[in-house]
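Architecture at a glance
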Amino acid sequence: MTATTELKLNCNFPRVQHAFGERLPFVRKQLSAAGVAAWIDGAERIYKLGRGEEPVLVFLEELPQVMAQVGEDVLAEIVEFTRKLGRSPNSKSIVPFLQTLPAAARHLESRELFGEYLELVFDTLARTSPKIHGIDSMYPSECLPEFLGSVPHLLSQISLGGLRNWVDYGVQGYPNDPDRQREYFALKSPDSLAVMQRERHGTLFSEHERKLDLYLRGLWDSEAVFMPYSLAWDEARKPIPYLDDLGLHLPDVYDDFSPPLPPGEGRGEGSSHTAPHPQPISRGERGVISGLNRYRALIAHLSAHRRWSTPQIADNFSPFQRLSIEVFEDARVEWLALQEFPGLRHLWLALHPAPKEDACPEGWSSIRHRLAMLSRALLAPQHGYQNAIILQFVERFHALMQAGPTTTRDMVQLGLDYITRTRTATDPTSKVWFEDTEVSYRDDNRLLWLFIEEGDEEVYESKPRPTEPDEQLEGNRMPPRMYPEWEYNSQHYLPDWVSLYEHLHPQGDAGKIDRLLEKHAGLAKKLKRIIDLLKPQQKVRVRYQEEGAELDLDVAIRSLIDFKSGAQPDPRINMSHKPDGRSVAVSLLLDLSASLGDVPQGCTQSKLELSQEAVSLLAWAVEQMGDPFAIGGFHSDTRHDVRYQHFKGYKEHWDDTVKSRLAAMEAGYSTRMGAALRHAGHYLSHQQADKRLLLVLTDGEPADIDVTDPRALIEDARQAVLELSTDGIYTYCINLDPKADEYVADIFGKHYTVIDNVERLPERLPQLFMSLTR
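One structure accompanies this document, and this report is about it. Every value quoted in this text rests on a predicted model; they were computed, and no experiment measured them.

**Some thoughts on the overall build of the protein chain**
- Secondary structure assignment for the protein chain yields 29 helices and 20 strands.
- Taking all 774 residues of the protein chain together, 50% fall into the buried category.
- Once local pairs closer than 6 in sequence are excluded, the contacts in the protein chain between residues at least 24 apart make up 73%.
- Accessible surface for the protein chain amounts to roughly 36900 Å². Of this, 51% is attributable to carbon and sulfur atoms.

Written out as structure tokens, the structure reads:
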């Protein structure tokens, strides 16, 4: 008995049991064992609410994606809120609530923001439920279902803080008019649209995530997980960007920034570190920094820390000493970054505050004020400060940086010396001067410190399950090719939506393929007889060849006459022959998703091993016929990482190199088919042939972990097939899924074959090819 059959769901609904059985293999790949157990337990608790089968079906379908996106621990909170809905008059809102969770997880991305979204839904429920004399009545909230239906669109337009403001307006604006309030939450009233437009201030991170990811990869040759958080939720203590093992934590929205006029700062870019009489820069010259550029400034600073900073033992230093060390380390990594990207200086200077030298009043702690001035002076060549100690340490810093390679440890000594030289009696007081001391594009530097003993400074985060990258594949990657994806609900393309990475597949043991061919020697002989019949028997002359099979007598005589008469003879006096009557180019696209590693019922081999045998026989057969033939494979891990692997190119022959790649074929990840079809079709469209055939070998329907709508990728693959058809490419699918009839016709029309007996794949695949290319 397998592990899959041991897990059971205590539920009497047949449809639920069927959905559970189909969903369980996918869930086991996405979640840990504890997560799978929690998922099953949550489904049973939803079932016990007695609200029918639909809430359980939606829960089984939607929750695994949410848990994989924001963390498995979120399930308990979701189940508890769902049970509250089930025990209240708002039980009809259970299904809309569960259906909005994937969209919320996809837009918010972090566990923190998702928890705040759940709080907002609960608060909206409480504030829109009818009350009689201040006591909750037995009537449901008329607005909650409408609000939940509008959430996916709202989160694509405004931040979570903006969504909270939008809800506040709807609750407070129509307290005694439930009909207008319902129209407001359904996005049908002019006020609702106007408030949404008003809250669309700033730059949403979710709208520019792809650009920022490409910025991180392109300029910094680095990858990281972005973890957005809301600035509007914690009003008492504004969160600060930070970097930890989970990824880059940054705000979910940034407003445009108008830099203040720095006092006494000049526009020069000379090498001098002081400027006694600098000329001021006008606000118009400095310009407004867009939210997107603020994100870039933050990511550049964090990336510099990731590349050049090393953690130090924090227990050895006081909090004031650590502040001072952090200022010098920030300046060091930015100085190193400026050596590679000088243009960052203008951006960082525009975002860096420029505190006035005498701004801190007497009796206040000036520790932050002094460090902010020092930070500005270390970054700005023409800073304008006259403080002798600041000038001295700026000079020491630049001398140290120009002397040679530096480390974080070098900045420790500078930081200790500075805090010692500038210490005042008011530093420890609680009245700290904060004006013009916050550098918005810098993080809180928590990754600089290691704490040996527990104290008040540590921040603990829950770590998700790590994903091990395939290092060998990463090394062979080329820059991504961007492809659109078809959005069937709105009937338009999402431009540059999918990032496809292509590379040569790693090599294995070519002898494995030779042994597979020997295993099917009898079938190969049968195919050879069919191939001989299909080979073109007619020949056509190819004249004017410098090298050929025989002499072209007419051209040779004409060249001899030219030579005798003193003219330049034509050296192309040979001719050759080539087969006539067959012009076919073929591309075989293999689905390499994780399900390919499964062993079908009644078989002793996995679908992967059977596919290797079938593709080997097909490649050998096509080589015998002389048709241009390419083999590619694909799998995906969200839209940001579709992997296309080259096994054989059109100009490559069936040799040991190609065999070794095929022998190393492995299964993994998901099936985002549309982008792979477009990419294979891109190469096939450049082949000069009368007939161009794209064969797709797959064992399931298109799916990916970041797509919850089962029709979305099916419709995208169907659109890709239509695109290829307009380019003159004939697409045909060989499907190993016994249930393929439910969806494969939607993608390929009548151009498909379902192989129920998978063991016959090595025999059927070459036969199908020959029947299609007669």
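**Thoughts on the pairing of strand β10 (residues 481–487)**
- Here β10 pairs with strand β11 (residues 492–504) via six bridges, running antiparallel. Each residue of the ladder has a partner; that of Met 482, found in β11, is Ser 499.
- Linking β10 back to β11 in an antiparallel pair, the connection comprises four residues, with Gln 491 at a positive phi of about 60°.

**Some details on a negative patch on the surface**
- Judged by side-chain charge, Glu 701, Asp 741, Glu 742 and Asp 756 come together as a negatively charged surface patch.
- Turning to its location among the elements, Asp 741 is positioned in the loop between β19 (729–735) and α28 (744–748).

**Let's talk about the pairing of strand β6 (residues 247–251)**
- For β6, a buried count of five out of five residues is recorded, marking the element as mostly surrounded by other parts of the structure.
- Sheet topology places strand β4 (residues 226–229) next to β6; four bridges connect them, and they run parallel. Its bridge partner being in β6, Phe 226 is matched across the sheet by Leu 248.
- Pairing analysis gives three bridges linking strand β5 (residues 242–244) to β6, with the strands arranged antiparallel.

**Observations regarding the sheet that holds β4**
- The sheet built from three strands is open, its strands ordered β4-β6-β5 with mixed pairing. Pairing within the sheet leaves two strands with one partner each, and these edge strands are β4 and β5. The sheet shows a mean angle of 25° between the axes of neighbouring strands, taken without regard to direction.
- On top of the sheet, helix α14 (residues 291–308) reaches β4, β5 and β6; it is set at about 155° to β6, its chief contact.

**Details of the packing of aromatic side chains**
- Scanning the model with the defined rule gives 25 aromatic pairs in all.
- Centre to centre, the rings of Phe 114 and Tyr 117 are 6.1 Å apart; their planes meet at 50°, and the pair counts as tilted. Residue Phe 114 and its partner Tyr 117 are both found in helix α7 (residues 111–128); the two are separated by three residues, about one turn of the helix. For the pair shown, Phe 114 and Tyr 117 are each scored as buried.

**Points about the environment of Asp 716**
- Relative to the elements of secondary structure, Asp 716 occurs in helix α27 (residues 712–726).
- Separated by 228 residues in sequence, Asp 716 and Tyr 488 place their C-alpha atoms 7.5 Å apart.
- Excluding residues that lie within four positions of it along the chain, Asp 716 makes contacts with Pro 484, Glu 485, Trp 486, Gly 674, Ala 675 and Arg 678.
- At 3.0 Å, the side chain of Asp 716 forms a polar contact with the side chain of Arg 678.

**Quick notes on helix α6 (residues 94–108)**
- Taking 1.5 Å as the rise per residue, α6 with 15 residues should run 21 Å; its terminal C-alpha atoms sit 21 Å apart, in good agreement.
- By the largest-angle criterion, Leu 101 marks the main kink of α6, which is about 30°, and a proline, Pro 102, follows within four residues.
- Among the 15 residues in α6, 11 count as buried, and that is most of the element.
- Residues of α6 that are buried include every one of Ile 94, Val 95, Phe 97, Leu 98, Thr 100, Leu 101, Pro 102, Ala 103, Ala 104, Ala 105 and Leu 108, and no others.
- Looking at the buried residues of α6, the elements they touch are α4 (54–70), α5 (74–86), α7, α8 (144–155), α9 (160–173) and β4.
- Phi for Glu 109, located one or two positions after α6, is positive at around 70°.

**Points about the packing of α14 against helix α15 (residues 319–340)**
- Remark: α14 packs on α15, axes separated minimally by 9 Å, with the N-to-C direction vectors making an angle of 100°. What the angle tells us is that α14 and α15 run roughly perpendicular. Where α14 abuts α15, its residues His 301, Ala 304, His 305, Arg 307 and Trp 308 lie against Glu 329, Asp 330, Arg 332, Val 333, Glu 334, Leu 336, Ala 337 and Glu 340.

**A short note on unusual backbone geometry**
- The backbone of Thr 638 shows a phi angle near 75°, a positive value even though the residue is not glycine.
- Mapped onto the secondary structure, Thr 638 falls in the loop between β16 (629–636) and β17 (642–648).
- Judged by its relative accessible area of 19%, Thr 638 is buried.

**Brief notes about empty space enclosed by the protein**
- Overall, the coordinates contain one cavity of 30 Å³ or more when judged by the stated rule.
- Roughly 100 Å³ of internal volume is contained in the largest cavity.
- Lining the largest cavity are His 107, Leu 108, Leu 113, Leu 155, Ile 158, Ser 159, Leu 160, Leu 204, Phe 205, Ser 206, Pro 228 and Asp 252.
- Here the lining of the largest cavity is composed, by residue class, of eight nonpolar, three polar and one charged.

**Brief notes about α7**
- The end-to-end C-alpha separation of α7 is 26 Å, in line with the 26 Å expected for 18 residues at 1.5 Å each.
- Among the residues of α7, those classed as buried are Leu 113, Phe 114, Gly 115, Glu 116, Tyr 117, Leu 118, Leu 120, Val 121, Thr 124, Leu 125 and Thr 128.

**Re the pattern of salt bridges**
- Following the criterion strictly, the structure yields 34 salt bridges and no others.
- A salt bridge links Arg 217 to Glu 223; the shortest N-O distance between them is 3.2 Å.
- Relative accessible area serves as the criterion here: at 42%, Glu 223 is assigned to the partly exposed category.
- Across the salt bridge formed by Lys 659 and Asp 514, the nearest N and O atoms sit 2.8 Å from each other. Here the residue Lys 659 occupies a position in helix α25 (residues 656–663), and Asp 514 occupies one in helix α21 (residues 510–519), the gap between them amounting to 145 residues.
- Note on Lys 659: relative accessible area 11%, which makes it buried.
- The class for Asp 514 is partly exposed, based on a relative accessible area of 28%.

**Comments concerning the side chain of Asn 735**
- Its location among the elements puts Asn 735 in strand β19.
- The class of Asn 735 is buried, set by a relative accessible area of 1%.
- If we skip the residues at most four places from it in the chain, Asn 735 touches Thr 698, Asp 699, Gly 700, Ala 740, Tyr 743, Val 744, Thr 753, Val 754 and Ile 755.

What counts and how
Residues numbered from 1 in each chain as written. Predicted model: local features only at pLDDT ≥ 70, side-chain atom pairs only at ≥ 80, totals over all residues. Heavy atoms only, no water. Helix = DSSP H or I, 4+ residues; strand = E, 2+ residues; numbered from the N terminus. Buried < 20%, exposed > 50% of the residue type's maximum accessible area, 1.4 Å probe, protein only. Contact = heavy atoms within 4.5 Å. Areas by Shrake-Rupley, 256 points an atom, 1.4 Å probe, with all protein chains shown as cover. Pairing = 2+ DSSP bridges. Patch = residues over 30% accessible without salt bridge, like charges linked within 9 Å, V, L, I, M, F, W, Y side chains within 5 Å. Salt bridge = Lys/Arg side-chain N within 4 Å of Asp/Glu carboxyl O. Lys, Arg positive; Asp, Glu negative; His and termini not counted. Charge placed at Lys NZ, Arg CZ, Asp CG, Glu CD. Axes fitted to C-alpha atoms, helices over the stretch in contact; angles between N-to-C directions. Phe/Tyr/Trp six-rings, centres within 6.5 Å; stacked < 30°, edge-to-face > 60°. Polar contact = N/O pair within 3.5 Å; in protein donor to acceptor, adjacent residues only side chain to side chain. Expected span 1.5 Å × (residues − 1). Bend = angle between axes of the 7 residues up to and from the residue. Parallel < 35°, antiparallel > 145°, perpendicular 65-115°, else oblique. 1 Å grid on protein atoms, 1.4 Å probe; cavity = no way out; pocket = protein on both sides within 12 Å on 5 of 7 lines; lining within 4 Å. Points joined across faces, edges and corners; volume = space filled by probe spheres on them. Nonpolar A, V, L, I, M, F, W, Y, C, P; charged D, E, K, R; others polar.

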